[in-house]
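The lines below spell out each chain.
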Amino acid sequence: MVKRSDFKLVKRPTSAIEDDSCLVKIQYMGIEPAMRGWMENRADYIAPLELGDVMRGFGAGEVIESKSTNFPVGTRVTGSFGWQEYFLHRSDDAPLQIIPDGVSLDEAIGVFGLTGMTAWFGVNEIGKPKSGDVFVVSSAAGATGSIAGQLAKAIGCWVVGISSTDEKCQWLTDSIGFNAAINYTHEDWPQRLKKACSGGIDVYFDNAGGDVLDVALDQISDGARIVLCGGISRYNSTAAQTGPGNYFNLIFRRAKMEGFIVLDYASKFNSAITSMKPLIASGQLKHKATITDGFEALPDALISIFEGTNIGKQIVCISPPSA
Ligand SMILES: NC(=O)c1ccc[n+]([C@@H]2O[C@H](COP(=O)([O-])OP(=O)(O)OC[C@H]3O[C@@H](n4cnc5c(N)ncnc54)[C@H](OP(=O)(O)O)[C@@H]3O)[C@@H](O)[C@H]2O)c1
């Protein structure tokens, strides 16, 4: 399990800004399960962090000093800032994204950020649900799962969420319109899932991996699509991983299981955002954030998503935005 002592608070002055650079005051930092993987000494889809590096993280903030014509003082931006209070952006760094007027900081790193994009492309490019399909999502009350389920609902699916508490299950059905929600800490949850998905699961959007994935595999229908978005149950594990025992059902059910990395869809983010805006405006797509305060809350916020205390996007407010 990731722990506070894995992190060290280091105080350093910010460098002076040069031509074409700007200084961002970081206000919100998004917390993602993938951060745990970046702390592991293994190469996967992105280079691991070295000991002593600034912890990687995507956040939102405001330009407070600038010698850049692209990012004048007052511009609100998102970027890969790392866990810092200030970020010096140079012209040869990865570009910052300007937050449009009318979009709040939590929306910029949540529903319109990598989280929303992950849900959108996982649903529409990999799962491809059709109206009437049974769509099941794990970590359903989390940032990605809650959006993925609502996107499937807007398509006309019967949507069932899997989560760890009755409170989260109630939020899924009562507040964001899921048809059913199953608490996987109850011993008979596989039977409850089967009852909620009569006819079998057509699309399973997996954020959890492990036993939850295995139960879902046992309940897929013919031609099912399994979206491998994440597998948080394994992120803290140091033991060798065994595969899901029920994988053979993919053969019997002529089903497909496919992984994806959201960053591969970057060129299509703007069109996804354009498609999501009317869903938000009409109330079909709701989003929620769990926000904790203060720079030093960052490690605890990361721990909390492995403890499952977040509903929606876990965010740390490093510095409150001005009104
Ligand atoms: N493929 C991609 O490009 C991509 C991009 C972004 C994120 N992801 C993946 O998407 C998933 C969701 O990310 P997120 O940022 O939206 O996080 P999140 O769902 O908001 O938070 C993580 C949730 O995972 C559940 N969880 C924690 N430990 C668990 C365990 N041991 N076993 C089962 N469930 C556990 C908890 O929900 P419960 O309490 O309800 O179990 C927790 O709230 C992650 O797997 C992440 O790695 C993939």
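A few points on the structure. All of these numbers come straight from a predicted model, not from anything done at the bench.

Cut-offs and rules
- Residues numbered from 1 in each chain as written.
- Predicted model: local features only at pLDDT ≥ 70, side-chain atom pairs only at ≥ 80, totals over all residues.
- Heavy atoms only, no water.
- Helix = DSSP H or I, 4+ residues; strand = E, 2+ residues; numbered from the N terminus.
- Rg over C-alpha atoms; globule rule 2.2 N^0.38 Å.
- Buried < 20%, exposed > 50% of the residue type's maximum accessible area, 1.4 Å probe, protein only.
- Contact = heavy atoms within 4.5 Å.
- Lys, Arg positive; Asp, Glu negative; His and termini not counted.
- Charge placed at Lys NZ, Arg CZ, Asp CG, Glu CD.
- Patch = residues over 30% accessible without salt bridge, like charges linked within 9 Å, V, L, I, M, F, W, Y side chains within 5 Å.
- Areas by Shrake-Rupley, 256 points an atom, 1.4 Å probe, with all protein chains shown as cover.
- Salt bridge = Lys/Arg side-chain N within 4 Å of Asp/Glu carboxyl O.
- Core = buried A, V, L, I, M, F, W, Y, C linked by side-chain atoms within 4.5 Å.
- Domains from an automatic or database assignment.
- Near = heavy atom within 4 Å.
- Polar contact = N/O pair within 3.5 Å; in protein donor to acceptor, adjacent residues only side chain to side chain.
- Nonpolar A, V, L, I, M, F, W, Y, C, P; charged D, E, K, R; others polar.
- Expected span 1.5 Å × (residues − 1).

A short note on the overall build of the protein chain
At step 1: Regarding its fold elements, the protein chain presents 10 helices and 13 strands.
At step 2: Against the compact-globule benchmark of 20 Å for 323 residues, the protein chain has a radius of gyration of 20 Å, which places it among compact chains.
At step 3: Within the span of the protein chain, comprising 323 residues, buried residues form 49% of the whole.
At step 4: In the protein chain, 68% of the contacts between residues at least 6 apart in sequence involve partners at least 24 apart.
At step 5: Side-chain charges of the protein chain comprise 29 positive and 36 negative groups, with the mean position of each set lying 4 Å from the other.

Structural notes on a nonpolar patch on the surface
At step 1: Together, Tyr247, Phe248, Ile251 and Phe252 make up an exposed nonpolar region whose accessible area comes to about 420 Å².
At step 2: Among the structural elements, Tyr247 can be located in the loop between β10 (220-228) and α8 (249-252).
At step 3: The class for Tyr247 is partly exposed, based on a relative accessible area of 45%.

Here's the deal with the nonpolar core
At step 1: Membership of the largest hydrophobic core comes to 44 residues, with the highest contact counts inside it found for Met117, Phe135, Leu151 and Met276.
At step 2: Where this core is concerned, the elements lending two or more residues are α2 (105-109), α3 (114-127), β6 (134-137), α4 (143-155), α5 (166-175), β9 (201-206), α9 (269-281) and β13 (313-317).
At step 3: It is α3 that contributes the most residues to this core, 6 residues altogether.
At step 4: Taken domain by domain, the makeup of this core includes at least three residues from each of domain 1 (4-110 + 290-317) and domain 2 (114-263).
At step 5: Not counting chain neighbours up to four residues away, the residues in contact with Met117 comprise Val111, Phe112, Val262, Phe269, Ala272, Ile273 and Met276.
At step 6: In terms of nonpolar packing, the next biggest core, distinct from the first, is built from 27 residues, Trp83, Phe295, Ala301 and Leu302 among them.

Some points on the pattern of salt bridges
At step 1: Throughout the structure, instances matching the rule amount to 10 salt bridges.
At step 2: Across the pair Asp188 and Arg192 runs a salt bridge, and its minimum N-O distance is 2.9 Å.
At step 3: Residue classification places Arg192 among the partly exposed positions, given a relative accessible area of 39%.

Concerning unusual backbone geometry
At step 1: Backbone geometry at Asp20 places phi at a positive 65°, although glycine is not the residue there.
At step 2: Its place among the elements puts Asp20 in the segment before β1 (22-30).
At step 3: Among the residues examined, Asp20 registers a relative accessible area of 45% and is labelled partly exposed.
At step 4: One non-glycine residue, Lys128, lies in positive phi territory at about 45°.
At step 5: Topologically, Lys128 is positioned in the loop between α3 and β6.
At step 6: You can call Lys128 exposed: its relative accessible area is 52%.

As for the site of the ligand
At step 1: Not every one of the 25 residues close to the ligand is listed here, only the nearest: Thr144, Ser163, Ser164, Tyr184 and Asn310.
At step 2: In this structure, an oxygen atom belonging to the ligand sits 2.6 Å away from a side-chain N or O atom of Tyr184.
At step 3: At 3.0 Å from an oxygen atom of the ligand is found a main-chain nitrogen or oxygen belonging to Asn207.
At step 4: Notes on the ligand: free accessible area 920 Å², of which the protein chains cover 89%.
At step 5: At the level of secondary structure, the elements contributing two or more residues to the shell around the ligand comprise α4 and α10 (298-307).
At step 6: Of the residues belonging to the shell around the ligand, the class tally is 11 nonpolar, 13 polar and 1 charged.
At step 7: Two domains each provide a minimum of three residues to the shell around the ligand, namely domain 1 (4-110 + 290-317) and domain 2 (114-263).

Description of α4
At step 1: The end-to-end C-alpha separation of α4 is 19 Å, in line with the 18 Å expected for 13 residues at 1.5 Å each.
At step 2: Here α4 lies mainly inside the structure; 10 of its 13 residues are buried.
At step 3: Taken together, the buried positions of α4 are occupied by Ala143, Thr144, Gly145, Ser146, Ile147, Ala148, Gly149, Gln150, Leu151 and Ala152.

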